[in-house]
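Per-entry structural report
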Amino acid sequence: MVRVIVVGAAGRMGRTLIKSVVEAEDMELVGAVEWAQCPALGMDAGVCAGLKPCGVKLTAELRPLLKGADVIIDFSTGTVVENATAAVEANVAAVVGTTALGDDKIAALRGLAAKGGRLVQATNMSVGVNLLFHLCGEVAKILGDYDVEIIETHHNQKKDAPSGTAMTLAEVVAAAREVCLKDEIRNGRSGLPGARTPSEIGVHAVRGGDVVGDHTVLFATQGERVELTHKASSRETFTKGALRAARFLQDAKPGLYTMRDVLGFN
Ligand code: NAD
């Protein structure tokens, strides 16, 4: 059995993760962590996830739980690097799903891997989106001079924009075209931005309703458009991927892995 701690347990992803872990035959939920002011602290994690009680209470303290765990799965919007550091220090693997971490936090996770940590970090854990990353890179190489625009749509409660997945897609296009993303990214347009430059990579965020996550990569030229689209209709597509990542790390050597490593696309 893989013993799992869910961090960010009362959130949308956290509750879906608890359900996926409780339902997985090869996994045991051994901890559910939330921030100190969360109103759900002390609540049974199963009840929090809309299931029957499972005997694990939501707590604000991660460290005391680590000695009885094999992996933390963190989709919290809080202290992600601190949580991963505590896990690595206790020889516990870490799956990090939180987006908008920024270069400094990704570098910190890489540093933990260099110290012997086993981690998976991915802006999107779904199999379909990781296939989209792969296809997007191939198409960007083949359609080298087409205009590229990335459009993402999410529910109206999403805090960060553009989505981490849209940013990964933009990085994939930039890498395929051997350009620097920071120089080429155009986040939305307004006013009089002028004609589009051939090399720019447009990234646009749409927010509304309960959309779990849609991503389209548009390749356009004179006379035709090619669109690659992924639509997530349930958060379980992400949590199933997170569980695969947790299993993968049980036998992995130290390192900071992506979902493409987990799924064997690299
Ligand atoms: P949410 O706001 O519903 O949940 C976040 C939870 O984290 C909240 O319950 C909050 O109280 C908790 N939290 C905040 N600080 C904390 C701390 N210090 N310790 C523990 N818990 C803390 O958000 P969500 O929709 O569940 O999304 C969470 C994150 O996951 C976002 O960054 C989102 O973009 C990302 N996400 C990633 C994937 C993926 O596949 N990688 C998929 C969907 C969402």
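In what follows, the structure referred to is the one given above.
A brief report on the enclosed structure follows. Everything numeric in this text was worked out from a predicted model, so none of it was measured.

With that settled, the discussion passes to helix 3 (residues 80–89). Most of helix 3 is tucked away: seven of the ten residues are buried. Along helix 3, the residues classified as buried are Val80, Val81, Asn83, Ala84, Ala86, Ala87 and Val88. Each element contacted by the buried residues of helix 3 is listed here: strand 1 (2–7), strand 4 (71–74), strand 5 (93–96), helix 4 (102–114) and strand 6 (118–121). Asn91, located one to two residues past helix 3, shows a positive phi value of around 60°.

Taken in spatial order, the seven strands make up an open sheet running 3-2-1-4-5-6-12, and their pairing is parallel. Strands at the two margins of the open sheet, each flanked by one partner only, are strand 3 (58–59) and strand 12 (255–257). Relative to the sheet, helix 3 contacts strand 1, strand 4, strand 5 and strand 6, its axis offset from that of strand 4 by approximately 175°.

Okay, the pairing of strand 2 (residues 27–33) next. In terms of burial, strand 2 is a largely internal element, five of the seven residues being buried. Two elements, strand 1 and strand 2, share six bridges in a ladder whose sense is parallel. The residue bridging Ile5 from the neighbouring strand is Gly31, located in strand 2. In the classification by handedness, the crossover that spans strand 1, the intervening helix 1 (residues 12–23) and the parallel strand 2 is right-handed.

Packing of helix 5 (residues 127–142) against helix 6 (residues 164–177) brings their axes to within 8 Å, and their N-to-C directions diverge by 30°. The angle between helix 5 and helix 6 places the two elements in the roughly parallel class. At the point where helix 5 passes helix 6, the crossing takes the right-handed sense. Facing Val129, Leu132, Phe133, Cys136, Gly137, Ala140 and Lys141 of helix 5, the residues of helix 6 in contact are Thr165, Thr168, Leu169, Val172, Val173, Ala176 and Arg177.

Our focus in this paragraph is the site of the ligand. Close to the ligand lie 24 residues; Arg12, Met13, Glu34, Thr99 and Met125 are nearest. Gly78 is positioned such that a nitrogen or oxygen atom in its backbone is 3.5 Å from a nitrogen atom of the ligand. Between the ligand and Met125 there is a distance of 2.8 Å, counted from an oxygen atom to a backbone nitrogen or oxygen. Counted by class, the shell around the ligand contains eight nonpolar, eleven polar and five charged residues. Both domains that meet at the shell around the ligand, namely domain 1 (2–121 + 235–262) and domain 2 (127–232), each give it at least three residues.

So, about the sheet that holds strand 7 (residues 147–154). One open sheet holds the five strands; their spatial order is 8-9-7-10-11, and the pairing between them is mixed. Looking at strand neighbours, the two that pair on one side only are strand 8 (185–187) and strand 11 (224–232), the edges of this open sheet. Here the strands of the sheet are splayed against their neighbours by 15° on average, with no regard to which way each runs. Here strand 8 pairs with strand 9 (residues 201–207) via three bridges, running parallel. Bridged to Asn187 within strand 9 is Val203. Its contacts with the sheet place helix 6 against strand 7, strand 8, strand 9 and strand 10 (213–221), and it is angled at close to 165° to strand 7.

For the rest of this paragraph, the subject is the layout of surface pockets. In this approach the atoms are scanned with a rolling probe the size of a water molecule, which exposes any empty space left behind. Its boundaries defined by the atoms lining it, the second largest pocket holds a volume of some 760 Å³. Residue lining of the second largest pocket: 27 residues in total, with Asp103, Ile106, Thr123, Thr168 and Glu171 positioned closest to the centre. Among the elements of the structure, helix 4, helix 5, helix 6, helix 7 (181–184) and helix 9 (259–263) are those that each provide at least two residues to the lining of the second largest pocket. Split into classes, the residues belonging to the lining of the second largest pocket amount to eleven nonpolar, ten polar and six charged. When residues of the lining of the second largest pocket are sorted by domain, at least three fall in each of domain 1 (2–121 + 235–262) and domain 2 (127–232).

Attention now goes to helix 6. Between its first and last C-alpha atoms helix 6 spans 20 Å; for 14 residues at 1.5 Å apiece the expected length is 20 Å, and the two agree. Summarising burial for helix 6: eleven of the 14 residues are buried, a large majority. Turning to helix 6, its buried residues are Gly164, Thr165, Ala166, Thr168, Leu169, Ala170, Val172, Val173, Ala174, Ala176 and Arg177. Immediately beyond the C-terminal end of helix 6, within one or two residues, lies Glu178, with a positive phi of roughly 55°.

What follows covers the pattern of salt bridges. Tallying each qualifying case throughout the model produces 15 salt bridges. Asp147 is the salt-bridge partner of Arg196, the closest N and O atoms lying 3.3 Å from each other. Placement of the pair is Arg196 in the loop between strand 8 and strand 9 and Asp147 in strand 7, with a sequence separation of 49 residues. Residue Asp147 is classed as partly exposed on the basis of its relative accessible area, which comes to 28%.

Criteria and thresholds
- Residues numbered from 1 in each chain as written.
- Predicted model: local features only at pLDDT ≥ 70, side-chain atom pairs only at ≥ 80, totals over all residues.
- Heavy atoms only, no water.
- Buried < 20%, exposed > 50% of the residue type's maximum accessible area, 1.4 Å probe, protein only.
- Helix = DSSP H or I, 4+ residues; strand = E, 2+ residues; numbered from the N terminus.
- Contact = heavy atoms within 4.5 Å.
- Pairing = 2+ DSSP bridges.
- Axes fitted to C-alpha atoms, helices over the stretch in contact; angles between N-to-C directions.
- Right-handed = clockwise from strand over helix to strand, strands pointing away.
- Parallel < 35°, antiparallel > 145°, perpendicular 65-115°, else oblique.
- Left-handed = near helix turned anticlockwise from the far one by under 90°.
- Near = heavy atom within 4 Å.
- Polar contact = N/O pair within 3.5 Å; in protein donor to acceptor, adjacent residues only side chain to side chain.
- Nonpolar A, V, L, I, M, F, W, Y, C, P; charged D, E, K, R; others polar.
- Domains from an automatic or database assignment.
- 1 Å grid on protein atoms, 1.4 Å probe; cavity = no way out; pocket = protein on both sides within 12 Å on 5 of 7 lines; lining within 4 Å.
- Points joined across faces, edges and corners; volume = space filled by probe spheres on them.
- Expected span 1.5 Å × (residues − 1).
- Salt bridge = Lys/Arg side-chain N within 4 Å of Asp/Glu carboxyl O.

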